[in-house]
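Residues per chain, in single letters:
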Amino acid sequence: MNPAQNAATYSAPAGDQILFYVLAAFVTFFAIFTITRRNPVTAVMSLVATFFGLAAIYASLSAHFLAVLQVLVYAGAIMVLFIFVVMILNREEVAPLALRPMRLLGVAAAVYLLAVFTNVVHEGVPTNLAPPVTAEAFGTVESIGDILFRQFLYPFEAISLLLLVAIVGGVVVSRSHQKEVAAQRAAAYRKQVRELADHDYPGTADATEAAAAGHGGGHH
Amino acid sequence: MPTEHYLVLSFILFLIGTAGVLLRRNALIVLMGIELQINGGNLALVAFSRQLNDQKGHVFAFLIIALAAAEAAVGLAILVGLFRSRQTVNLDEATLMKR
């Protein structure tokens, strides 16, 4: 771990290097593929490929539990959700890219971000350190679970609450409003009938409204 | 592999995600760009976790994955709501607040 000893001398085994560069190229290619596709289904599929590549990279970082989680939760659950919504909303795009002044400002911001990140990685991180030798149990379900349920119990419970709120919020936001609209129209119709009856025959409005309520929902 | 390589890959992923968010008009692709950004951040957490030999980074990444699931559920529900009211998922046409 001493930078003076390791900084200049360390280089990873050739097998590790080949594996990393192949996976990195795979992930980068499919990430670019994701954001450049016109067809959303193709984009979702290449995003799934990106997540599988990332899972392999997690495994090479000896984060075995996270690698499994990445496949199960990301490539499984979240991407299925995306597929469903894509199937519901599938629309042809006229002009997928928006290269207008404000968006170009965004590109300039992204280039600036690239410069800042490059600077941080080159200045702030000790380069080419040999990775520490991790314990056999590093990144396994057992050791992660130990930390998660002892030190991070409250964040864990908070996340479960957040997921519950997200489920309820998702249902509330995306539910159909057709019944409400029909009820509002029926109420407006009843009000109109009552006003007309009150105007023409004062005092009989209650009976008329009761009659109107019977078939009010059928009219628009 | 040294940690620096993983960090470079993580910010490449983050920037690709950012480009997707900023340049695309289709709200679905924008959400996918956000997912790419989240994964870039996660990769940096896992890489630092190994470098520092501390598994708390894995726990953070786990919590972030759960957070991303919640974000995707709510974001996609909002998209469905937008599509119901405006018949579009094009972000340039979602201009109700502008008027």
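Here's what I pulled together on the structure shown here.

Parameters and conventions
- Residues numbered from 1 in each chain as written.
- Chains lettered and ligands numbered in written order.
- Predicted model: local features only at pLDDT ≥ 70, side-chain atom pairs only at ≥ 80, totals over all residues.
- Heavy atoms only, no water.
- Helix = DSSP H or I, 4+ residues; strand = E, 2+ residues; numbered from the N terminus.
- Rg over C-alpha atoms; globule rule 2.2 N^0.38 Å.
- Buried < 20%, exposed > 50% of the residue type's maximum accessible area, 1.4 Å probe, protein only.
- Contact = heavy atoms within 4.5 Å.
- Buried area = accessible area lost by both parts, 1.4 Å probe.
- Salt bridge = Lys/Arg side-chain N within 4 Å of Asp/Glu carboxyl O.
- Polar contact = N/O pair within 3.5 Å; in protein donor to acceptor, adjacent residues only side chain to side chain.
- Phe/Tyr/Trp six-rings, centres within 6.5 Å; stacked < 30°, edge-to-face > 60°.
- Lys NZ or Arg CZ within 6 Å of the ring centre and 35° of its normal.
- Core = buried A, V, L, I, M, F, W, Y, C linked by side-chain atoms within 4.5 Å.
- Axes fitted to C-alpha atoms, helices over the stretch in contact; angles between N-to-C directions.
- Parallel < 35°, antiparallel > 145°, perpendicular 65-115°, else oblique.
- Left-handed = near helix turned anticlockwise from the far one by under 90°.
- Nonpolar A, V, L, I, M, F, W, Y, C, P; charged D, E, K, R; others polar.

1. Focus: the overall build of chain B
- Helix and strand counts for chain B come out as 3 helices and 0 strands.
- Written out in order from the N terminus, the α and β elements of chain B read α-α-α.
- Since a compact globule built from 99 residues should have a radius of gyration of about 13 Å, the 17 Å found for chain B marks it as more spread out than a globular shape.
- On the principal axes, the C-alpha backbone points of chain B span a range of 50 × 25 × 20 Å.

2. Brief notes about the side chain of S62 of chain A
- Here S62 of chain A lies in the loop between α3 (40–60) and α4 (64–89).
- A residue is classified by how much of its surface remains accessible, and S62 of chain A, at 16% relative accessible area, is buried.

3. Regarding the environment of E157 of chain A
Residues and elements named next belong to chain A.
- Within the element layout of this structure, E157 appears in helix α7 (residues 153–174).
- Classification of E157 by relative accessible area gives partly exposed; the value is 43%.
- Along the sequence, E157 and A137 sit 20 residues apart, while their C-alpha atoms lie 25 Å from each other.

4. Looking at helix α6 (residues 141–150) of chain A
- Residues of α6 of chain A that are buried include every one of S143, I144, G145, I147 and L148 of chain A, and no others.
- On its buried side, α6 of chain A packs onto α4 and α7 of chain A together with α3 (56–86) of chain B.

5. Some points on the interface of chain B and chain A
- With 67 residues of chain B at the contact, the number on the chain A side is 90 residues.
- Both sides together, the interface formed by chain B and chain A hides about 7100 Å², and carbon and sulfur atoms give 77% of it.
- Taken together, the links from chain B to chain A amount to 0 salt bridges.
- At the boundary of chain B with chain A, the tally comes to 7 residue pairs in polar contact (both at pLDDT 80 or more).
- Mapped onto the side of chain B that touches chain A, the elements with two or more residues apiece are α1 (3–23), α2 (27–51) and α3 of chain B.
- Broken down by element, the side of chain B that touches chain A gets its largest block of residues, 24 residues, from α3 of chain B.

6. Concerning the packing of aromatic side chains
Residue and element names in this part refer to chain A.
- The tally for this structure, following the rule as stated, stands at 11 aromatic pairs over all chains.
- Pairing F29 with F30 gives two aromatic rings, centres 5.2 Å apart and planes at 80 degrees, and the pair type is edge-to-face.
- Ring centres of F30 and F33 lie 6.2 Å apart, and the angle between their planes is 80 degrees; this geometry places the pair in the edge-to-face category. Separated by 3 residues within a single helix, F30 and F33 lie in helix α2 (residues 14–36), roughly one turn from each other.
- One aromatic cluster is present, built from ring pairs that chain together F26, F29, F30 and F33.
- Above the face of the F33 ring, R37 is positioned so that its terminal group lies 4.2 Å from the ring centre.

7. Section: the nonpolar core
- Counting residues in hydrophobic clusters, the biggest one holds 63 residues, and the most contacted among them are I57, L66, I78, M79 and F82 of chain A together with L79 of chain B.
- The element that contributes the greatest number of residues to this core is α3 of chain B, accounting for 14 residues.
- For M79 of chain A, the residues in contact, after removing those within four places along its chain, are V44, L47, V48, F51 and Y74 of chain A.

8. Considering the packing of α2 of chain A against α2 of chain B
- Contact pair α2 of chain A / α2 of chain B: the axes reach a minimum separation of 9 Å and the direction vectors enclose 155 degrees. By the angle between their axes, α2 of chain A is roughly antiparallel relative to α2 of chain B. Judged by the twist between their axes, the crossing of α2 of chain A over α2 of chain B is left-handed. The residues of α2 of chain B that touch α2 of chain A, namely those facing A31, T34 and I35 of chain A, are I29, M32 and L36 of chain B.
- Residues that form the contact of α2 of chain A with α2 of chain B fall into these classes: 5 nonpolar, 1 polar and no charged.

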